[in-house]
Amino acid sequence: MKQTKQQTTSKVVPFTGEFYPGIPEPAPAGNNLAAFLVIIAAALVAGLSMGAISTYQSADQVQLREMKAQSQQLEKVKNQVCNR
């Protein structure tokens, strides 16, 4: 079997014959898909939270919470009056 040695790359400058070490290959860019998915997930969470806030603060929901509180107060008064 023939074994070959891996040679380091060198650059020969014309006319002088001087050797310089080869320029290393730039590292490939990071995975853009992962960054894209993180941005999409953050946008989804932000959208959901904004939707939840707007739903919680809507006029119908505020009125429903007030009616529920009034109903509980009425139930307490009813229990106090009927138990006496």
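All figures in this text were calculated on a predicted structure; none of them were measured in a lab. (Residues numbered from 1 in each chain as written. Predicted model: local features only at pLDDT ≥ 70, side-chain atom pairs only at ≥ 80, totals over all residues. Heavy atoms only, no water.)

I tried to follow the overall build of the protein on my own but got confused; where do I start?
Helices and strands together make up the secondary structure of the protein, namely two helices and two strands. Its helices and strands in sequence order give the protein the pattern β-β-α-α, from N to C terminus. Out of the 84 residues belonging to the protein, those deemed buried represent 0%. (Helix = DSSP H or I, 4+ residues; strand = E, 2+ residues; numbered from the N terminus. Buried < 20%, exposed > 50% of the residue type's maximum accessible area, 1.4 Å probe, protein only.)

What am I meant to see in the confidence of the model for the protein here?
Per-residue confidence for the protein gives a mean pLDDT of 82; residues scoring 70 or more make up 74%. Element-level pLDDT for the protein is lowest in strand E1 (residues 10-12), with a mean of 67, against a maximum mean of 93 in helix H1 (residues 32-56). (pLDDT = per-residue confidence, 0-100.)

Mind showing me how you'd approach a nonpolar patch on the surface here?
A grouping of Leu33, Phe36, Leu37 and Ile40 is seen on the molecular surface, where their side chains present a nonpolar patch of about 410 Å² in accessible area. Tracing the sequence through the fold places Leu37 in helix H1. (Patch = residues over 30% accessible without salt bridge, like charges linked within 9 Å, V, L, I, M, F, W, Y side chains within 5 Å. Areas by Shrake-Rupley, 256 points an atom, 1.4 Å probe, with all protein chains shown as cover. Salt bridge = Lys/Arg side-chain N within 4 Å of Asp/Glu carboxyl O.)

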